[in-house]
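What the coordinates show
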Amino acid sequence: MTHAGPNFSLSDEHEMIRAAARDFAQKEIAPIAAEFDESGDFPLETIRKMGAMGFMGIEIPEEYGGAGMDTLAYVLALEEICKVDASHGTIMSVNNSLFNYGIYKFGAEAQKEQFLAPVASGEKIGAYSLTEPMSGSDAATMRSRAVRNGNEYIINGRKSWVTSGPVADYLVLFTMTDPEKGHRGITAFLIDASQPGYSRGKKEPKLGIRASSTSEILFEDYHCPVERRLGEEGQGFKIAMTVLDAGRIGIASQGLGIAEASYEASLNYVREREAFGQKIGEFQGISFKLADMKTRIEASRLLVYQAALAKQNSKATGGRYTLEAAMAKLFAAETAMFCAHAAVQIHGGMGYSKEYPVERYFRDAKITEIYEGTSEIQRLVISRMETGLR
Ligand code: CAA
């Protein structure tokens, strides 16, 4: 057993999945990351291989086709993937937490049996659809509708910013069944993308995580059987928020991975590059940047692992880990941005060139401050929980 930091002990199993993810990322993802970033194509082949490695359903029990491991194992593996390519990490985090976790926690037995294994194995791609063109941070204001008609619901509306949307086989969809009840009128559904009434809208031309592919999804008289409702009518907002608590831990570990990649690239560069007759790492203006990067990275790591343990412990207590997840996401996302910004600056002109990976880290880092709840939303969640005021 080795120590990952104060109070965090890694078992042999943790060390194994971390090493497996590190090795996979180096061998399979590093050679293609820049190419897929450039093209914006979805890296289906590597995602399938990640599924075969067990990376797409790490916390899902083996009886449902997952790897049956804990949340710490999940964040360790995700951190390693994101250290090499945040796009692959985004797809991995959506399959694991935004899709599979919600079904595992809230799904009926038949839903778990049908949906978990294909997504945990990477054969199918899962997605999570909450946001709409006019409903982002204020998620309860959605306009899409599901109207009950006998044994089915008829769904209409436009969803936006669906990560993996251009290729997703299944969605967890949040839509309004009773608009008069506000957030208590939102219901969750499991959507099969192959059915009539489902279409993919425009693919977003994005600044970063370009290979993760994001699009609108349009529903036009989509017929969803009642058995595909996830949870009860009106329970959707709570499901969405509970799932986002889990998702935010994943994004926090993504931020940590991007920050570490930026730091390591910078360390290598300052030991080699010379200016004014010395290694640039010997200038205090550079070395102090590195000190700040390293310190924020280790602080992020503690918050990420703490949040992972809080989620793990919640399995026994049924308690929430909203605060730990929001703090980890806030700090790790801002650390990713801080480190990627510093890395570009340390690399100077080279940092602005696609010849070096730090410009990709810089573009990828930004999304961690935006999706699954902006940094402003994390501050709102944290302060509301601490003050008890709204
Ligand atoms: N867990 C469980 N329940 C929760 C919860 C949580 N974390 N947070 C809130 N709730 C419950 C509350 O207890 C309350 O319950 P009652 O019905 O019993 O009153 C209910 O939800 C409403 O809560 P609030 O009054 O606090 O709701 P609000 O409208 O003020 O919104 C918010 C709260 C925190 C701002 C929330 O809207 C939010 O998180 N917004 C950001 C949305 C977001 O993260 N979007 C990203 C989408 S995913 C994505 O990025 C794309 C992708 O594919 C990766």
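Our subject is the structure that appears above.
Heads up: these notes are all about the structure in this document. These numbers come from a predicted model, not from an experiment. (Residues numbered from 1 in each chain as written. Predicted model: local features only at pLDDT ≥ 70, side-chain atom pairs only at ≥ 80, totals over all residues. Heavy atoms only, no water.)

1. A closer look at the environment of Glu-132
Note the following rule: We count a stretch as a helix when DSSP gives it H or I for four or more residues in a row; a strand needs E for two or more, and each element gets its number in order from the N terminus. A simple rule labels every residue: compare its accessible area, found with a 1.4 Å probe on the protein chains alone, to the largest value its type can have, and call it buried under 20%, exposed over 50%, or partly exposed in between. The contact rule is simple, with two residues in contact once any of their heavy atoms fall within 4.5 Å. Counted as a polar contact is a pair of N or O atoms within 3.5 Å, where, for protein atoms, one must be capable of donating a hydrogen and the other of accepting one, and residues adjacent in sequence contribute only when both atoms are in side chains.
By the element assignment, Glu-132 lies in the loop between strand 3 (126-129) and strand 4 (145-149). On the basis of relative accessibility, which here comes to 5%, the residue Glu-132 falls in the buried class. For the pair Glu-132 and Met-385, spaced 253 residues apart in the sequence, the C-alpha separation amounts to 26 Å. If near-sequence neighbours (up to four positions away) are discounted, Glu-132 is found in contact with Met-142, Arg-143, Ser-144, Arg-158, Lys-159 and Ser-160. A polar contact is formed between the side chain of Glu-132 and the side chain of Ser-144, at a distance of 2.6 Å.

2. Considerations on the packing of helix 7 (residues 236-272) against helix 8 (residues 284-317)
Heads up, the rule is: Angles run from 0 to 180 degrees between N-to-C directions of axes, and those axes are lines fitted to C-alpha atoms, restricted for helices to the stretch in contact. Any angle that falls under 35 degrees is termed roughly parallel, while one over 145 is termed roughly antiparallel, one within 65 to 115 roughly perpendicular, and all others oblique. Each helix crossing is assigned a hand: it is left-handed if the near helix lies turned anticlockwise from the far helix by less than a right angle, otherwise right-handed if that turn is clockwise. As a working rule, the residues Ala, Val, Leu, Ile, Met, Phe, Trp, Tyr, Cys and Pro are called nonpolar, Asp, Glu, Lys and Arg charged, and the rest polar, with Gly in that last group.
Taken N-terminus to C-terminus, the directions of helix 7 and helix 8 make an angle of 155 degrees; their axes are 9 Å apart at the nearest point. Taken together, helix 7 and helix 8 sit at an angle that is classed as roughly antiparallel. For helix 7 against helix 8, the interelement crossing comes out left-handed. Contact residues: Ala-246, Ile-249, Ala-252, Ser-253, Leu-256, Ala-259, Glu-260, Ser-262, Tyr-263, Ser-266, Leu-267 and Val-270 in helix 7; Ile-286, Leu-290, Met-293, Lys-294, Ile-297, Ser-300, Arg-301, Val-304, Tyr-305, Ala-307, Ala-308 and Lys-311 in helix 8. Looking at the contact of helix 7 with helix 8, its residues break down into 16 nonpolar, 4 polar and 4 charged.

3. Some remarks on the site of the ligand
Rules: Throughout, near means a residue has at least one heavy atom within 4 Å of the molecule or strand. Note on areas: Shrake-Rupley, 1.4 Å probe, and residue coverage restricted to the protein chains presented here. Residue ranges assigned to each domain were obtained from an automatic or database domain assignment.
Within the structure, the ligand sits among 27 residues, and Ser-137, His-183, Arg-184, Asp-245 and Glu-372 are positioned closest to it. Within the side chain of Asp-245, an N or O atom sits 2.9 Å from a nitrogen atom of the ligand. Interatomic distance of 3.5 Å between a side-chain N/O atom of Arg-320 and a nitrogen atom of the ligand. Burial of the ligand by the protein chains amounts to 81% of its free accessible area of 1,100 Å². Looking at the shell around the ligand, the element that brings in the most residues is helix 7, giving 7 residues. Each residue belonging to the shell around the ligand can be placed in one class, and the counts come to 11 nonpolar, 8 polar and 8 charged. In this structure, the shell around the ligand is formed jointly by two domains, domain 2 (127-234) and domain 3 (237-387), each of which donates at least three residues.

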